[in-house]
Amino acid sequence: MIFEQIATGGCRSYLVGCEETCAAAVIDPEVSQVDRYLALAARDGLRIRYVIDTHTHADHFSASRPLARQAGATVVMHRETTAPTVEMRVDDGDMVVLGKLRLQVLHTPGHTRDSMCLQVEDRVFTGDALLIGGTGRTDLPSGDAGALYDSLFGKLLRLDGATRVFPAHEYKGREHTTIAQELASNPRLQVADRAAFISLMGSLNLQMPTHITEALRTNLSGGKTVAQMLAEAAASVPFMSMAHLRERIERGDTELVVLDVRERDAWTAAHIPGARLLPRGQLELRVNDELPDPTRHIVTCCEFGRISTLAAATLREMGFQRAVALDGGVKAWRDAGYPLASASPQQP
Ligand SMILES: [Fe+2]
């Protein structure tokens, strides 16, 4: 078995491949690592056939859909998931066949209703059902402490004690543990009975993960995150450096249109000299009047350089083939000590 653990902060994802047939699966991919999974698979001569999420993640952004699209792979989740982008729904006892490898599905609800573990050879991928010295929380949507107790004590912890445990999260840099080690020392498993476990899970008083609404929104719908929208826009437009723009302004370049896409108040207070105001929210409405010549060289700017990237991408989509975005924003321009102009509120 070819095996790779990929750490992204506290998230862990896994590349598992069959040496004989070169078929591979990625388990719990994270959105910032798509190129890494593809590169690791290519390095080992593997073809990614399946992209598997052990459950609907509330705390990070799944890369299952973009990775599967790029690899030509099938997205796999438990049948309880409501994510419409899943192509193969599996149930307890099913196997995902990976060449000579067999990934055995264990439905382990509790952290979420659609949680599952995957066992292959000497190891089990536990998602957030069982962590090293912990368990997944049960207070997020579709979580159920009683169900988690049943999944752990009725199923997962009954695996051979030597089975190696690879969780979807690990915050202390440990690579794996075993079922026996967890049974012996995991504080959450040292409970007298189901009721004690439910009471323990209910007393944890955990903070909500950051990005929970966006993570659930995108993971459940297959929609895009804001970061994805920005990354896609950034990949489709060229950028202009602040130094280059400053130099063009100082030499009195009139060919270049500097388009400030912030709101009027911000533009009035301070803007790059010569910048024209066209707020992002009005871009499509006013573009035909404001920019009648689609061959003009346009550089968009905003406060932080993100909305201007989206604006430049929109302009390019509309046929402004020389639209570029400023590499930076008015804040960075100001921080660099570059010249700024202001206007009285009455001016356009
Ligand atoms: Fe989770």
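Residues numbered from 1 in each chain as written. Predicted model: local features only at pLDDT ≥ 70, side-chain atom pairs only at ≥ 80, totals over all residues.

(A) Representation of the sheet that holds strand S3 (residues 23–27) in the model. Taken together, 6 strands build an open sheet; the order of strands is S1-S2-S3-S4-S5-S6 and the sheet is mixed. Sheet topology places strand S1 (2–8) and strand S6 (88–90) at the edges, where each strand pairs with a single neighbour. Taking each pair of neighbouring strands and ignoring which way they run, the sheet shows an average axis angle of 25 degrees. When strand S4 (residues 47–52) meets strand S5 (residues 74–78), the two strands line up parallel, connected through 3 bridges. Each bridged residue has a counterpart across the sheet, and for isoleucine 52 the counterpart in S5 is valine 76. (Pairing = 2+ DSSP bridges. Helix = DSSP H or I, 4+ residues; strand = E, 2+ residues; numbered from the N terminus. Axes fitted to C-alpha atoms, helices over the stretch in contact; angles between N-to-C directions.)

(B) Region of interest: the packing of helix H1 (residues 34–43) against helix H2 (residues 64–71). Viewed as axis vectors pointing N to C, H1 and H2 meet at an angle of 40 degrees, and their least axial separation amounts to 10 Å. When the interaxial angle is binned, H1 and H2 end up oblique. Judged by the sense of rotation from one axis to the other, the crossing of H1 with H2 is right-handed. On H2, the residues touching Val34, Tyr37 and Leu38 of H1 are Pro66, Leu67, Gln70 and Ala71. Here the residues of the contact of H1 with H2 sort into 6 nonpolar, 1 polar and no charged. (Parallel < 35°, antiparallel > 145°, perpendicular 65-115°, else oblique. Left-handed = near helix turned anticlockwise from the far one by under 90°. Contact = placed C-beta atoms within 7 Å. Nonpolar A, V, L, I, M, F, W, Y, C, P; charged D, E, K, R; others polar.)

(C) A look at the nonpolar core. In this structure, Val16, Ala25, Ile48, Val51, Val96 and Leu118 are the most contacted members of the largest nonpolar core, which totals 56 residues. A total of 5 residues in this core trace back to one element, the largest contributor, which is helix H3 (residues 145–154). In contact with valine 51, other than residues within four places in its own chain, are Val26, Pro29, Ser64, Leu67, Ala68, Ala73, Val75 and Val76. In terms of nonpolar packing, the next biggest core, distinct from the first, is built from 28 residues, Ala233, Val257, Val261 and Val299 among them. (Core = buried A, V, L, I, M, F, W, Y, C linked by C-beta atoms within 7 Å. Buried ≥ 20, exposed ≤ 12 C-beta atoms within 10 Å, placed from the backbone.)

(D) Expanded view of unusual backbone geometry. Of note in this structure, aspartate 28 is not a glycine but carries a positive phi near 55 degrees. Position of aspartate 28 among the secondary structure elements: in the loop between S3 and H1. If you check the backbone angles, asparagine 205 has positive phi at about 55 degrees while not being a glycine. Looking at the secondary structure, you find asparagine 205 in the loop between helix H5 (194–202) and helix H6 (212–221).

(E) Seen up close, the sheet that holds strand S17 (residues 276–277). With parallel pairing, 5 strands are arranged side by side in an open sheet as S15-S19-S18-S16-S17. Because the sheet does not close on itself, it has two edges, and the strands there are strand S15 (239–241) and S17. When S15 meets strand S19 (residues 323–327), the two strands line up parallel, connected through 3 bridges. Looking at S19, one finds that serine 241 is bridged to aspartate 327. Relative to S15, helix H8 (residues 242–250) is tilted by about 70 degrees, and along the sheet it contacts S15, strand S16 (256–260), strand S18 (297–301) and S19.

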